[in-house]
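# Examination of the molecular architecture
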Amino acid sequence: MPTPPDVHETLKRKLAEFAAARDWGQFHTPRNLAVCLSVEASELLELFMWTRDGDGPFPPGTGPPPEARVREEVGDVFLCLLNFARVSGIDLHEAATEKLEALGQKYPVSLSRGSAVKAPGLFTSTATATATATATTTAKATATATTTNDGDR
Ligand SMILES: [Mg+2]
């Protein structure tokens with residue numbers, strides 16, 4: 001059974017053949033493929049628009065997105081990402097592995113378990129975060145007051 005990187009290589013080869021047969025390689029620039037990736041990710045997101053959050057009831061006239069449509073858009077997103085990586089010479093498996101290692105350092109289990117706080121450790125405590133926010137607000141208020149006073153002269 002092939003390992004995931006081998007599966008990606010097979011798909012990348014098929015993508016290259018698909019594009020070459022249609023002479024679409026001329027359009028597959030990193031910029032265009034980044035746009036394609038964003039659009040396809042938005043199409044996936046659109047399937048969940050105006051549905052429910054959590055376990056609450058679906059709004060009238062809505063329901064869960066059809067699984068086939070979700071699968072289709074996930075496939076689009078993956079193909080765009082794979083094509084972007086292929087054209088840009090990025091080893092997707094390697095890039096993802098590096099990123100996961102970096103995330104592990106940024107979000108250590110001891111600070112992140114069960115928390116949705118972005119980048120724990122930036123603030124050592126809630127009190128520090130509050131003090132920083134207060135200092136920033138005070139500085140902005142002082143700057144505004146100074147500007148207003150200068151304008152009165
Ligand atoms: Mg799509």
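The notes below deal with the structure included here. None of the values given here were measured: they were computed from a predicted structure.

### A look at the packing of helix α2 (residues 30-46) against helix α3 (residues 67-88)
Where α2 contacts α3, the two axes come as close as 8 Å, and the packing angle between them is 165°. When the interaxial angle is binned, α2 and α3 end up roughly antiparallel. Of the two elements, α2 crosses α3, and the hand of that crossing is left-handed. Every residue of α3 that contacts α2 at Pro30, Leu33, Ala34, Cys36, Leu37, Glu40, Ala41, Glu43 and Leu44 is listed here: Glu73, Val74, Asp76, Val77, Cys80, Leu81, Asn83, Phe84, Val87 and Ser88.

### Remarks on the environment of Asn83
Mapped onto the elements of the fold, Asn83 is located in helix α3. Looking at Asn83, the number of C-beta atoms within 10 Å reads 23, which means it is buried. Residues Asn83 and Leu15 lie 68 residues apart in sequence; the distance between their C-alpha atoms is 7.0 Å. If near-sequence neighbours (up to four positions away) are discounted, Asn83 is found in contact with Leu15, His28 and Leu33.

Conventions adopted
Per chain, the residues get numbers from 1 upward, laid out in the order the sequence is written. Since the coordinates come from a predicted model, pLDDT governs what is reported: local features require at least 70, and pairs of side-chain atoms require 80 or more to be given and counted, while whole-chain, interface and lining totals use all residues. Angles shown run from 0 to 180 degrees and are taken between the N-to-C directions of axes, each axis being a line fitted to C-alpha atoms and, for helices, limited to the stretch in contact. Working definition: helices are DSSP H or I runs of at least four residues, strands are E runs of at least two. Numbering for both runs from the N terminus. By the definition adopted for this analysis, an angle is roughly parallel if under 35 degrees, roughly antiparallel if over 145, roughly perpendicular if from 65 to 115, and oblique otherwise. When the near helix sits turned anticlockwise from the far one by under a right angle, the crossing is termed left-handed; a clockwise turn instead gives a right-handed crossing. Here the contact rule is simple: place C-beta atoms from the backbone, and any two residues whose C-beta atoms are within 7 Å are in contact. Neighbour density around each residue's C-beta defines its exposure: 20 or more other C-beta atoms within 10 Å make it buried, 12 or fewer make it exposed, and counts between make it partly exposed, where C-beta atoms are placed from the backbone.

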